[in-house]
Amino acid sequence: MKTRDSLIRLKRFQVDEKRRQLAQIESMISEFNRMADELDDQIRTEQERTGITDVSHFAYPTFAKAAADRRDNLRNSAHELDDQLQRAQDELSEAIEDLKKFEQLEERDQQRERTAQEAAEQEQLDEVAARGRSRY
């Protein structure tokens, strides 16, 4: 039983770790998207300030070009993290399934022990009752 208890604790730790990783990836995606949105605003502001919105125009602001590159990189990174997020969700599901299997085994064993203990107690009670009847 000690081995299974240790295994269950390990599986619970693994589930918690997968949840933490999942939350971290979700947070990173959210942060990247927020930063990309801020860059969009900055690009728009710069374009309005200069009056040039055509990226191929020779006088297009350098800051806007650099911000657009950075924004695109952030969006690409967020997209790549979406793939990692899916893998992390799958790994979490697997870890939860493994944990449930071991918890069910433990529950089944505990039920078996309770049934055996109840049967032994009933046998003792039957024996006491039989002794009591034989006296009369």
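Residues numbered from 1 in each chain as written. Predicted model: local features only at pLDDT ≥ 70, side-chain atom pairs only at ≥ 80, totals over all residues. Heavy atoms only, no water.

(A) Just the nonpolar core, in detail. Counting 22 residues, the largest nonpolar core has I25 and I43 as its most contacted members. No other element matches helix α2 (residues 62–135), which puts eleven residues into this core. If sequence neighbours within four positions are ignored, I43 has contacts with Y60, A64, A67, A68 and R71. (Core = buried A, V, L, I, M, F, W, Y, C linked by side-chain atoms within 4.5 Å. Buried < 20%, exposed > 50% of the residue type's maximum accessible area, 1.4 Å probe, protein only. Helix = DSSP H or I, 4+ residues; strand = E, 2+ residues; numbered from the N terminus. Contact = heavy atoms within 4.5 Å.)

(B) Representation of the pattern of salt bridges. Going through the model one piece at a time under the given rule, you end up with 17 salt bridges. Its salt-bridge partner being E38, residue R34 comes within 2.3 Å of it at the nearest N-O pair. Placement of both R34 and E38 in helix α1 (residues 2–50) is noted, with a separation of four residues, approximately one turn of the helix. With a closest N to O distance of 3.2 Å, D72 and R71 form a salt bridge. (Salt bridge = Lys/Arg side-chain N within 4 Å of Asp/Glu carboxyl O.)

(C) Inspection of α1 at higher detail. The end-to-end C-alpha distance of α1 is 72 Å, a good match for the 72 Å that 49 residues give at a rise of 1.5 Å each. In the segment just after α1, G51 is the residue with positive phi, at about 80°. (Expected span 1.5 Å × (residues − 1).)

(D) Structural context of the side chain of Q47. Here Q47 shows up in helix α1. Look past the residues within four positions of Q47 in its chain and what remains in contact with it is I52, T53 and Y60.

(E) Region of the structure containing the environment of E106. With respect to the helices and strands, the residue E106 is situated in helix α2. For E106, a relative accessible area of 9% translates into the label buried. In this structure, the C-alpha to C-alpha distance between E106 and I8, residues 98 residues apart in sequence, is 8.8 Å.

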